[in-house]
Amino acid sequence: MPELPEVETVMRGMRVHLEGHTISYASTHHTGLRWPFPPGLAKALSGRRVDGFARRGKYILITLSGGMVALLHLGMSGRIVLSRPDADEPVAPPARHEHLVIETREGARCGLVDPRRFGMVDLVAADKVETHRLLSGMGPEPLGNRFDGAWLAQKGRGRRSSIKALLLDQRVVAGLGNIYVSEALFRARIHPARAAGDVSEAEYATLVTQIRIVLEEAIAAGGSSLRDYVQPDGELGYFQHAWRVYGREGTGCPECPGPPGCDGVVRITQSGRSTFFCPRLQADENDFGKDLS
């Protein structure tokens, strides 16, 4: 699933191509994705000006004229394809798995492609966005001012579940996913199975700093390309080439030689998801053998 850096990259690409444009045409080619499209979605979009873009967690918010906001989630395989068709060429038919298309008076075309149909699109009044059922319970943005070591320490206090589970809880912090949690925990030298309540306030402060750094680096690199993910202009992101532990099971840790016989980066399963870490740099003997959920 695209994570925060990928969604931020897509959102910025859409902003460059579509902000200030007026939608001249919109069409839907199926009844919906994870949930049905709002009734009359295509008609409701047509004629509106695209006033701005924002991201909340892994959701893209498109502010439209008339006090409306289009809410978009890419799901597991969704991507946005942007183009500027030649006015002299016939209109191309929808691409395979293209479920929503908008065209603008200024000549831009935007298509939502989602083969697995786990994404979603909703249309909501601007003054109702914060209370939308998918957004209302979300925690602060990890790159925002509300997210700091004190906040995270308070949320982790007394928890016996793992620090990784805490970071993946969207009610605690919005937008973090499996890849960047593994990377941030490695950089902060915290074992992913360690109980959240056992992490000190100083360690939480360090962890927040490393979360910000890894997200900012990934955004600057254009996100990480996993299977179907590409940037709006079709270019693949490349931060995966800078992953230090994620997907590197059995390879040497990039920051320590390891003891004799060490296999380097280790993979464990937590709540059905793969976690990667260095058992030497992230050692936490008190947590070995515990439930890794």
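Details of the structure are given in the entry above.
Residues numbered from 1 in each chain as written. Predicted model: local features only at pLDDT ≥ 70, side-chain atom pairs only at ≥ 80, totals over all residues. Heavy atoms only, no water.

## Points about the overall build of the chain
Move 1: The helix and strand tally for the chain stands at six helices and ten strands.
Move 2: The buried share of the chain, reckoned over its 293 residues, is 52%.
Move 3: Intrachain contacts of the chain at a sequence separation of at least 6 include 67% that bridge at least 24 residues.
Move 4: For the chain, the exposed surface amounts to about 13700 Å²; the carbon and sulfur share of it is 50%. (Helix = DSSP H or I, 4+ residues; strand = E, 2+ residues; numbered from the N terminus. Buried < 20%, exposed > 50% of the residue type's maximum accessible area, 1.4 Å probe, protein only. Contact = heavy atoms within 4.5 Å. Areas by Shrake-Rupley, 256 points an atom, 1.4 Å probe, with all protein chains shown as cover.)

## Structural notes on the packing of helix α5 (residues 178–188) against helix α6 (residues 201–220)
Move 1: Relative orientation of the contacting elements α5 and α6 amounts to 130°, with a least axis distance of 8 Å. What the angle tells us is that α5 and α6 run oblique. The element α5 and its partner α6 pack so that their crossing is right-handed. Across the interface between the two elements, Y180, E183, A184, L185, R187 and A188 from α5 touch T206, L207, Q210, I211, I213, V214, L215, E217 and A218 from α6.
Move 2: Residues of the contact of α5 with α6, tallied by class, amount to ten nonpolar, two polar and three charged. (Axes fitted to C-alpha atoms, helices over the stretch in contact; angles between N-to-C directions. Parallel < 35°, antiparallel > 145°, perpendicular 65-115°, else oblique. Left-handed = near helix turned anticlockwise from the far one by under 90°. Nonpolar A, V, L, I, M, F, W, Y, C, P; charged D, E, K, R; others polar.)

## Some thoughts on the sheet that holds strand β7 (residues 109–113)
Backbone-to-backbone hydrogen bonds pair the strands of a sheet. The strands run either parallel or antiparallel.
Move 1: Taken together, the four strands give an open sheet; going across it, the order is β1-β6-β7-β5, and neighbouring strands pair in antiparallel fashion. Each of the sheet's edge strands pairs with one partner strand only, and the pair in question is β1 (23–28) and β5 (79–83). With strand direction ignored, the average angle separating the axes of adjacent strands in the sheet is 15°.
Move 2: For β5 and β7, the ladder comprises five bridges, and the chain directions are antiparallel. Bridge pairing links I80 to L112 in β7.
Move 3: The sheet strands contacting helix α1 (residues 4–18) are β5, β6 (98–104) and β7, and the helix crosses β5 at an angle near 25°. (Pairing = 2+ DSSP bridges.)

## Quick notes on the packing of aromatic side chains
Move 1: One pass over the full model with this rule turns up two aromatic pairs.
Move 2: Consider the rings of W243 and Y246, whose centres lie 5.0 Å apart with planes at 80°: the pair is edge-to-face.
Move 3: A residue is classified by how much of its surface remains accessible, and W243, at 13% relative accessible area, is buried.
Move 4: Look at Y246 and you get buried, because its relative accessible area is 17%.
Move 5: The interplanar angle of 70° and the centroid separation of 5.0 Å between the aromatic rings of Y246 and F276 together place this pair among those described as edge-to-face. Taken together, the positions of Y246 in the loop between α6 and β9 (266–270) and F276 in strand β10 (residues 273–277) put the pair 30 residues apart, joining distant regions of the chain.
Move 6: Overall, F276 belongs to the buried group, its relative accessible area being 7%.
Move 7: Following the ring pairs from residue to residue traces out a cluster consisting of W243, Y246 and F276.
Move 8: One cation-aromatic arrangement involves R34 over W35; the distance from NZ or CZ to the ring centre is 5.8 Å.
Move 9: Residue placement shows R146 over the ring face of W151; its charged tip is 5.4 Å from the ring centre. (Phe/Tyr/Trp six-rings, centres within 6.5 Å; stacked < 30°, edge-to-face > 60°. Lys NZ or Arg CZ within 6 Å of the ring centre and 35° of its normal.)

## Quick word on the nonpolar core
Move 1: In terms of nonpolar packing, the biggest core is built from 39 residues, with L152, I163, L167, Y204, L207 and I211 touching the most fellow members.
Move 2: Among the secondary structure elements, those contributing two or more residues to this core are α3 (149–156), α4 (163–168), α5 and α6.
Move 3: With eight residues, the top contributor of residues to this core is α6.
Move 4: With sequence-adjacent residues up to four places away left out, L207 is seen in contact with L152, I163, L167, A184, L185, A188 and I190.
Move 5: Counting residues in hydrophobic clusters, the runner-up holds 30 residues, among them I60, M68, A70 and L82. (Core = buried A, V, L, I, M, F, W, Y, C linked by side-chain atoms within 4.5 Å.)

## Some words on the environment of I268
Move 1: Mapped onto the elements of the fold, I268 is located in strand β9.
Move 2: Using a relative accessible area of 14% as the deciding quantity, one classes I268 as buried.
Move 3: I268 sits 75 residues away from A193 along the chain, and the two C-alpha atoms are 9.3 Å apart.

## Quick look at a nonpolar patch on the surface
Move 1: Together, M1, M76 and F118 make up an exposed nonpolar region whose accessible area comes to about 270 Å².
Move 2: Within the secondary structure, F118 sits in the loop between β7 and β8 (120–125).
Move 3: On the basis of relative accessibility, which here comes to 36%, the residue F118 falls in the partly exposed class. (Patch = residues over 30% accessible without salt bridge, like charges linked within 9 Å, V, L, I, M, F, W, Y side chains within 5 Å. Salt bridge = Lys/Arg side-chain N within 4 Å of Asp/Glu carboxyl O.)

## Looking at the packing of α1 against α6
Move 1: Running from amino to carboxyl end, α1 crosses α6 at an angle of 40°, the nearest separation of the two axes being 9 Å. As far as their axial angle goes, α6 and α1 are oblique. The two elements α1 and α6 cross, and the hand of that crossing is right-handed. Contacts from L4, P5, E8, T9 and R12 of α1 reach α6 at L215, A218 and I219.
Move 2: Considering only residue class, the contact of α1 with α6 consists of five nonpolar, one polar and two charged.

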